[in-house]
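One-letter residues, chain by chain:
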Amino acid sequence: MRRFLVVSAAAVGLTVALLGHLQAQGGVGQIQVGGSPVVPDSEVSSRPIPRLPDGTIDITGPWVGGGSNGNIERDGGLKPGELPLLPWAKELMSKRLEKDEPYTACLPMSVPRVNPYPWKFALAYTSRGLSHIYVLHETGDAGAHRVVYMDGRPHPQDPIPTWWGHSIGKFEKDTLVIDTVGYNDKFWFDSRGTPHTEQLHTVERWTRINYGRITNDFLLDDPGAFSKPVNLKFTGRLLRPDLKTGGGDLMEFICLEGNEYGAAAGFTPGQGTTIK
């Protein structure tokens with residue numbers, strides 16, 4: 001059986017005894033030591049919202065949160081029982097076990113899932129302007145990155161189902177709107193096992209409401225698994241730009257057998273960082 005251990009990139013320590021215990025159990029474990037340092041609520045408006053040289057609002061981040069994780073219904077602002085799953089989807093979710101979650105097997109989280117670790121929008125330009133936005137997760141697993149096409153192309157008529165789907169985007173004033181179709185049905189919306197089908201269509205509206213926060217107004221439309229479209233709302237928090245703590249940018253993460261953070265790079269987490 002595979003054994004997986006995920007450790008926060010902002011970790012400040014890791015006990016050998018606890019690590020050994022998790023390995024002995026042969027199960028899924030997650031240790032967070034310190035967490036990802038974010039701009040506190042008291043400072044979210046301490047600076048103006050930054051803009052890029054061309055005047056576009058800077059949504060780069062890195063951000064922490066802004067999507068579902070443990071429970072998409074709760075995380076998205078709904079009350080228990082409000083998520084309109086069809087009967088077959090409810091039954092499937094009730095039978096899913098945490099140990100079978102694809103995300104813990106080094107597979108992509110997909111949309112709208114996030115985890116307690118940072119992610120960012122990386123904007124790519126050509127001579128014609130903004131052409132692509134890449135969504136990069138520090139621990140997105142499988143090393144996968146999401147591509148949002150910003151060059152005006154439409155969705156393909158018959159997209160091949162993929163983990164991240166086919167995303168096209170545009171700015172409506174200061175809001176980034178991302179429309180996605182072509183998902184496969186393999187990922188879970190959350191650790192509860194909330195399912196979906198290949199009919200899934202999502203629309204994200206990302207708005208940086210102040211210096212330290214970004215909102216994601218999320219439309220979930222999947223007639224195969226839900227009785228009606230669902231509107232959810234998530235909030236992302238800006239990673240604190242403090243190099244002394246290792247914050248402010250994404251760190252390297254390689255998902256591999258055993259999944260011990262730092263194993264692929266040959267270092268032990270929690271030993272601090274050296275700024276040269």
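Before reading further, recall that the structure is shown in the block above.
Reading the values: the criteria
- Residues numbered from 1 in each chain as written.
- Predicted model: local features only at pLDDT ≥ 70, side-chain atom pairs only at ≥ 80, totals over all residues.
- Heavy atoms only, no water.
- Helix = DSSP H or I, 4+ residues; strand = E, 2+ residues; numbered from the N terminus.
- Buried < 20%, exposed > 50% of the residue type's maximum accessible area, 1.4 Å probe, protein only.
- Pairing = 2+ DSSP bridges.
- Contact = heavy atoms within 4.5 Å.

Trainee: Run through the overall build of the chain, naming residues and quoting values.
Mentor: Secondary structure assignment for the chain yields three helices and eleven strands. When the helices and strands of the chain are listed from N to C terminus, the series reads β-α-β-β-α-α-β-β-β-β-β-β-β-β. Residues classed as buried in the chain amount to 46% of the 276 residues present.

Trainee: Residue-level account of the pairing of strand β10 (residues 213-221), with values.
Mentor: The pairing of strand β9 (residues 201-208) with β10 spans eight bridges and is classified as antiparallel. Following the sheet pairing, Thr207 is matched in β10 by Thr215. In sequence, β9 turns back onto β10 through a hairpin of four residues. Two elements, β10 and strand β11 (residues 230-238), share eight bridges in a ladder whose sense is antiparallel. Residue pairing in the sheet places Leu220 in a bridge with Val230 of β11.

Trainee: Give me the side chain of Glu101: which residues, what numbers.
Mentor: As for its placement among the helices and strands, Glu101 is situated in the loop between α3 (87-95) and β4 (119-126). The contact partners of Glu101, leaving out residues within four places of it in the chain, are Arg113, Trp188, Asp190 and Ser191.

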